[in-house]
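Each chain, letter by letter, is given below.
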Amino acid sequence: MNENLNPKEYSVEYVKGVGPKRAQLLNKLGIYSAMDLVTHYPRGHIDFTDITDISMTDLEEWYVIKAKVTHKYAPYFGRIHVFKLMVSDDTDDVLITFFNSEYNFTQLKLGMTYHFYGKITGTYLRREMNSPIFISESDPAKIKPRYHLTTGISNNILSNCIKSAIDKFSFGDELPAWILDKYKLMPFEAAIRNIHFPASKENYDSAKRSLSFRELFSLQLGLKMLKARNVTYTGCKMENKDMTGFYSSLPFSLTGAQLRSINECINDMQGNTPMNRLLQGDVGSGKTAVAAALCYYAYLNGTQSTLMAPTEILAKQHYNTLCGFLEPLGLKIELLTGSLTAAQKRKARSMIADGLVDVVVGTQALIQKDTEFLNLSLVITDEQHRFGVEQRAALSDKGNNPHILVMSATPIPRTLGMIIYGDLDISILDEMPAGRLPVKTYAVDTSFRERLYKFILKYVNNGFQAYIVCPLIEEGVSEKAYATKYAEDLLNTCLRDVPIGLLHGKMKQAEKDKVMQAFKNNEIKVLVSTTVIEVGVDVPNAVVMIIENAEQFGLSQLHQLRGRVGRGKEQSHCILVTDNKNDYTVQRMEIMKNSSDGFVIANEDLKLRGPGDFFGNRQHGLPTLKIADIYADTPLLSLTNECAEELIKDDPTLSKPENKGIKKMVDELFSKCYSS
Ligand code: ADP
Ligand code: MG
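Residues numbered from 1 in each chain as written. Chains lettered and ligands numbered in written order. Predicted model: local features only at pLDDT ≥ 70, side-chain atom pairs only at ≥ 80, totals over all residues. Heavy atoms only, no water.

A. The arrangement of the sheet that holds strand β15 (residues 403-408) in detail. Here we have seven strands laid out as an open sheet, ordered β12-β13-β11-β14-β15-β10-β16, and parallel in their pairing. Here the strands that pair on one side only, and so sit at the sheet edges, are β12 (333-336) and β16 (425-429). Across the sheet, the axes of successive neighbouring strands diverge by a mean angle of 20 degrees, strand direction being ignored. Two strands pair when backbone bridges link them, and strand β10 (residues 276-281) and β16 are joined in this way by five bridges, in the parallel orientation. Each residue of the ladder has a partner; that of R277, found in β16, is D425. The strands touched by helix α9 (residues 256-269) within the sheet are β10, β14 (376-381), β15 and β16, with β16 carrying the most contacts at an inclination of about 160 degrees. Relative to the sheet, helix α11 (residues 312-326) contacts β11 (304-309), β12 and β13 (359-363), its axis offset from that of β13 by approximately 160 degrees. (Pairing = 2+ DSSP bridges. Helix = DSSP H or I, 4+ residues; strand = E, 2+ residues; numbered from the N terminus. Axes fitted to C-alpha atoms, helices over the stretch in contact; angles between N-to-C directions. Contact = heavy atoms within 4.5 Å.)

B. Spatial organisation of the confidence of the model for the protein chain. Looking at the protein chain as a whole, its pLDDT mean stands at 87, while 90% of the residues score no less than 70. Low pLDDT, under 50, characterises residues 611-620; the stretch is placed with 30 contacts to residues that sit more than four places away or in other chains. (pLDDT = per-residue confidence, 0-100.)

C. Fine view of the site of ligand 1. Among the 16 residues in the neighbourhood of ligand 1, the closest are listed as Q258, G284, K287, T288 and R436. Within the backbone of G284, an N or O atom sits 2.6 Å from an oxygen atom of ligand 1. One nitrogen or oxygen atom from the main chain of S285 is found 3.5 Å from an oxygen atom belonging to ligand 1. Considered on its own, ligand 1 offers 570 Å² of accessible surface; in the complex 85% of this is hidden by protein. Residues belonging to the shell around ligand 1 are distributed by class as follows: four nonpolar, seven polar and five charged. (Near = heavy atom within 4 Å. Polar contact = N/O pair within 3.5 Å; in protein donor to acceptor, adjacent residues only side chain to side chain. Areas by Shrake-Rupley, 256 points an atom, 1.4 Å probe, with all protein chains shown as cover. Nonpolar A, V, L, I, M, F, W, Y, C, P; charged D, E, K, R; others polar.)

D. Broad picture of the nonpolar core. Counting residues in hydrophobic clusters, the biggest one holds 71 residues, and the most contacted among them are L294, L322, L326, Y467 and I547. The residues that make up this core include at least three from each of domain 3 (244-429) and domain 4 (440-595). Ignoring any residue separated from it by four or fewer positions in sequence, one finds L294 in contact with I262, C265, I266, M269, L378 and L405. If you look at the next biggest cluster of nonpolar residues, it comprises 32 residues, including A23, I31, C161 and Y204. (Core = buried A, V, L, I, M, F, W, Y, C linked by side-chain atoms within 4.5 Å. Buried < 20%, exposed > 50% of the residue type's maximum accessible area, 1.4 Å probe, protein only. Domains from an automatic or database assignment.)

E. Representation of the sheet that holds strand β17 (residues 440-444) within the structure. Spatially, β17-β22-β21-β18-β20-β19 is the arrangement adopted by the six strands of the open sheet, whose pairing is parallel. Strands at the two margins of the open sheet, each flanked by one partner only, are β17 and β19 (500-503). With direction set aside, neighbouring strand axes in the sheet form an average angle of 15 degrees. In this structure, β17 lies alongside strand β22 (residues 573-577), joined through five bridges in parallel fashion. Note that in β22 the partner of V444 across the bridge is V577. Each of β17, β18 (465-469), β20 (526-529), β21 (542-547) and β22 touches helix α16 (residues 449-461); the most contacted strand, β21, lies at about 165 degrees to it. Across the sheet, helix α20 (residues 583-594) lies against β17 and β22, angled at about 160 degrees from β17, the strand it touches most.

F. Summary view of the pattern of salt bridges. Under the criterion given, the structure shown has 23 salt bridges. A salt bridge links K182 to E646; the shortest N-O distance between them is 2.9 Å. Of this pair, K182 sits in helix α5 (residues 177-182) while E646 sits in helix α23 (residues 634-650), and the two are 464 residues apart along the sequence. For K182, a relative accessible area of 41% gives the class partly exposed. Judged by relative accessible area, E646 falls into the partly exposed class, the value being 36%. Each of the salt bridges in this network shares a partner with another, and the network as a whole consists of K8, E174, K664 and E668. (Salt bridge = Lys/Arg side-chain N within 4 Å of Asp/Glu carboxyl O.)

G. Structural view of unusual backbone geometry. Even without a glycine there, the phi angle at S131 is positive, about 45 degrees. Locating S131 in the fold gives a position in the loop between β7 (127-130) and β8 (133-136). For N522, which is not glycine, the phi dihedral falls at a positive 65 degrees. Mapped onto the fold, N522 is located in the loop between α18 (509-520) and β20.

H. Inspection of the packing of α11 against α18 at higher detail. The N-to-C vectors of α11 and α18 enclose an angle of 40 degrees; their axes lie 9 Å apart at closest approach. What the angle tells us is that α11 and α18 run oblique. Between α11, through E312, I313, K316 and Q317, and α18, the contact on the second element is made entirely by Q509, D513, M516, Q517 and K520. (Parallel < 35°, antiparallel > 145°, perpendicular 65-115°, else oblique.)

I. A look at the environment of T337. For T337, the position within the fold is in the loop between β12 and α12 (342-353). Sequence-wise, T337 and K316 are 21 residues apart; in three dimensions their C-alpha atoms are separated by 8.3 Å. Every residue in contact with T337, bar those within four places of it in the chain, is listed here: E312, A315, K345, T363 and L366.

J. The packing of aromatic side chains, seen in detail. Under the defined criterion, the tally for this structure stands at 20 aromatic pairs. Ring centres of Y10 and Y14 lie 6.4 Å apart, and the angle between their planes is 80 degrees; this geometry places the pair in the edge-to-face category. Judged by its relative accessible area of 53%, Y14 falls in the exposed class. Members of the aromatic cluster, connected to one another through ring pairs, are Y10, Y14, F169, F171 and F188. The ring of Y584 carries R588 above its face, with NZ or CZ at 4.3 Å from the centroid. (Phe/Tyr/Trp six-rings, centres within 6.5 Å; stacked < 30°, edge-to-face > 60°. Lys NZ or Arg CZ within 6 Å of the ring centre and 35° of its normal.)

K. Structural detail: helix α6 (residues 188-196). When you tally the buried positions in α6, you get seven out of nine residues, the bulk of the element. Turning to α6, its buried residues number three or more, namely F188, E189, A191, I192, N194, I195 and H196.

L. Just the environment of Q509, in detail. Tracing the backbone shows Q509 in helix α18. It is 10.0 Å that separates the C-alpha atoms of Q509 and S339, two residues lying 170 residues apart in sequence.

M. Focus on the packing of helix α10 (residues 287-300) against α11. Close contact between α10 and α11 brings their axes to 10 Å; oriented N to C, the two are set at 55 degrees. Here α10 lies oblique to α11, going by the angle between them. The handedness of the crossing between α10 and α11 comes out as right-handed. Of the residues in α11, those in contact with T288, A289, A292, C295 and Y296 of α10 are H318, T321, L322, F325 and L326. By residue class, the composition of the contact of α10 with α11 is seven nonpolar, three polar and no charged. (Left-handed = near helix turned anticlockwise from the far one by under 90°.)

N. Summary view of the pairing of strand β6 (residues 113-122). Where burial is concerned, most of β6 is hidden: eight out of the ten residues are buried. The sheet contact formed by strand β2 (residues 62-72) and β6 spans seven bridges and is antiparallel. Paired with A67 across the two strands is Y114, which belongs to β6. Where β6 and β8 come together, four bridges link them in antiparallel fashion. By the bridge assignment, Y117 is partnered in β8 with I133. Bridge count between β6 and β7: three bridges; the pairing is antiparallel. In the sheet register, T121 faces β7, and the bridge partner there is E128. Between the antiparallel neighbours β6 and β7 lie four residues.

What follows is the structure, given as structure tokens:
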């Protein structure tokens, strides 16, 4: 043990048993330092005491067997080196094979007994096991870790390297004693040891809980600090204004939920601190009208606002919508996107800087970079699930502490939302505009295709439009080739004379925009698309959607896709096409047929898929967690929340000396998220 070495700064290469070659392989697993190595947590454990008689094992299943080496065959040194040996217990024997691993072969001594873990293959007359993990009968530690591996690094090698790293260093604890006591946590070093090499199941559970606690605690502290950062004074404190001009000029009356959300925002904006709010509303719930109302409110207060979208096509759409709502009221709106010429951009920017523009709509990239406002007071971003914590932080640094509203159509169960958006207040649009007809949804198999095309044709002949979504199914075929072929095949159907457009991910943004614009203009009648149809695209005249290979999609994704139709007064239809008859698919299709509520669907999705898959980390923009599971660790979450609250209350910036370690933990977790 060495008190002076810092495992975070100690290159993994120098850990005993690693060396330069293995270090390179470990880099592939994201392991660079000794600390990375010991926090490469196992994905499970093998309990070598859970033994099955060989004669009782089934083929293609995983078992621990306890058996004696009865024969070692002569190795075969071909292109691949093959090492075989026979082992047996009282009931039967198994032929064991190792490839390229003389080390394992020599370790296993004739006449000695070992515990082997592996998959039984072969036949019932001759069972086999390839490359098992094994321990000696006399090994006192009978619970062994299993790791995510990479070629060239076996489980045993990795486990030994981790063990030598744990033995070499002493790991200080960033958590103070009072927290360890209060929440009954293992000290960090003990937790690290027991997560890899637990003496018992209880020790393992306790280690896992202790390490998860640290992660969730850091996460929640970080989010709370982000929130606390905004408890600075805003330079844009607003006054009460008469909004009736806006309300009475709208072509519809706002829903109760829209009005409530607008008022919640206005209330925030009248405070001394900047608004920092999430507007969550299912597809079609009318988030844009809320955004427009707030831009108008900012205008009445003599300030500028901006609405940012992730793509050019969405930016243009918002621009048109806002022009429709706000220009008649005398506001000047400007669009700032990549397709403007340099001269146009310069001109737009100088007008924005001079305060001649009231509302700037554009893509995030353009607005965040190099755009100076005269008096920006409100920043709205749309489709926030692509918009992570780090961008939120960057924004709050811009200008005079402007108010921030992020809009999201991703329905997240409320408890999760409170964590994922822990730094935001939340408004929810839980009411659809009146007169909206739920999309009629059906599930059929591919024998219906011809009929579906006729169905589309009928609508097209009546002036309407349709989407056909076709995800990639065959491996080895490119997405582009697949969608292109699909569109070509339509030329052999009743749709041959209909203007068909094609949209796939390999197209440049400008090409995609062109196609989408033509679809919006009703020049393209049927849009064949991979999954790239933009979230948020609003073409109310499109009333039929066909989703091919619907089994490929998660429920929430199906719901988002379906949200592209049903946006006008006409009854819309969504047809899910799948030949897949397994229970999981059938259940999901049923849910889609029966529900049009994004929150209900998200909950069902969670139940069916299990928590881990619900969101990739990418999507919610939070730092990556190594061990905790924000979906499964709910009880722990409320503990860490309580603890984080208590700490932040006493030391909002974590600057007291006794909290230095905790601050470091938080910074480390979030630094990973900023740099990725
Ligand atoms: P989303 O929340 O999915 O972004 P949009 O803002 O695109 O929804 O609105 C969907 C459609 O509903 C638009 O065509 C919009 O004009 C319309 N809309 C919004 N609010 C109302 C309302 N209160 N009554 C009727 N139609 C509305
Ligand atoms: Mg929208």
